[in-house]
Amino acid sequence: NLGMMLAIGRGADKNEAEAVEWYRKAAEQSHARAQYNLGMMLAKGSGVEKNEAEAVEWYRKAAEQSHARAQYNLGMMLAIGRGADKNEAEAV
């Protein structure tokens, strides 16, 4: 997808900020992989200001669609209290 290609610089110059824009457009249309990728960019601060709370929101949306990596990342963030209050019960 275009967002991924821009994020890694394959077939186009690397542009993480533009990748975030494309991920967000797809994420807002309930595309689980884009929601996960947007969460990753937000959690790392790649191409966008770091925002762990928003990352948790996007991981949660992707996780609710059975995206396994989003489920894992959401669980890890909840377990240690990054981007949300620590909640080990929900993390499991």
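The shown structure was predicted, so the numbers you read here are calculated from the model rather than taken from an experiment. (Residues numbered from 1 in each chain as written. Predicted model: local features only at pLDDT ≥ 70, side-chain atom pairs only at ≥ 80, totals over all residues. Heavy atoms only, no water.)

What follows covers the overall build of the protein chain. Summing up its helical and strand segments, the protein chain has six helices and zero strands in all. Whereas a compact globule of 92 residues would reach a radius of gyration of roughly 12 Å, the protein chain reaches 13 Å, a difference of no more than 12%. Taking the principal axes of the C-alpha coordinates as reference, the protein chain spans close to 45 × 25 × 20 Å. Within the protein chain, buried positions represent 35% of all 92 residues. Intrachain contacts of the protein chain at a sequence separation of at least 6 include 32% that bridge at least 24 residues. With the model as given, the accessible surface of the protein chain reaches about 5600 Å², and the carbon-plus-sulfur share is 47%. Across the protein chain, 12 positive and 13 negative side-chain charges occur, with their mean positions spaced 6 Å apart. (Helix = DSSP H or I, 4+ residues; strand = E, 2+ residues; numbered from the N terminus. Rg over C-alpha atoms; globule rule 2.2 N^0.38 Å. Buried < 20%, exposed > 50% of the residue type's maximum accessible area, 1.4 Å probe, protein only. Contact = heavy atoms within 4.5 Å. Areas by Shrake-Rupley, 256 points an atom, 1.4 Å probe, with all protein chains shown as cover. Lys, Arg positive; Asp, Glu negative; His and termini not counted. Charge placed at Lys NZ, Arg CZ, Asp CG, Glu CD.)

All right, on to a nonpolar patch on the surface then. Residues Met4, Met5 and Ile8 make up a contiguous nonpolar surface patch of about 240 Å² in total accessible area. Positionally, Ile8 belongs in helix H1 (residues 2-8). For Ile8, a relative accessible area of 47% translates into the label partly exposed. (Patch = residues over 30% accessible without salt bridge, like charges linked within 9 Å, V, L, I, M, F, W, Y side chains within 5 Å. Salt bridge = Lys/Arg side-chain N within 4 Å of Asp/Glu carboxyl O.)

Turning our attention to helix H2 (residues 16-27). Helical geometry note: an α-helix holds 3.6 residues per turn, so side chains three or four residues apart project in the same direction. The terminal C-alpha atoms of H2, which comprises 12 residues, lie 16 Å apart, in line with the 16 Å expected from a rise of 1.5 Å per residue. Among all positions in H2, only Ala19, Val20, Tyr23 and Ala27 are buried. All buried residues of H2 fall inside an arc of 100° around its axis, so they share one side. (Expected span 1.5 Å × (residues − 1). Arc of directions from axis to C-beta.)

So, about the packing of H2 against helix H3 (residues 32-44). Two elements in contact, H2 and H3, have axes whose closest approach is 8 Å; the angle formed by their N-to-C orientations is 140°. Between H2 and H3, the interaxial angle falls into the category oblique. In terms of crossing hand, the pair formed by H2 and H3 is left-handed. Contact with H2, carried on its side by Glu16, Ala19, Val20, Tyr23, Arg24, Ala26 and Ala27, involves Ala34, Gln35, Asn37, Leu38, Met41 and Leu42 of H3 and no other residues of that element. (Axes fitted to C-alpha atoms, helices over the stretch in contact; angles between N-to-C directions. Parallel < 35°, antiparallel > 145°, perpendicular 65-115°, else oblique. Left-handed = near helix turned anticlockwise from the far one by under 90°.)

A few words on the pattern of salt bridges. Enumeration over the complete set of coordinates arrives at six salt bridges. In this structure, Glu54 engages Arg24 in a salt bridge whose closest nitrogen and oxygen atoms are separated by 2.8 Å. Taken as a pair, Glu54 in helix H4 (residues 52-63) and Arg24 in helix H2 lie far apart in primary sequence, 30 residues in all. What makes Glu54 buried here is its relative accessible area of 19%. Of the charged contacts in the structure, one is a salt bridge between Glu52 and Lys50, with a shortest N-O distance of 3.8 Å. Three or more residues joined by partner-sharing salt bridges are found here, namely Lys50, Glu52 and Arg82.

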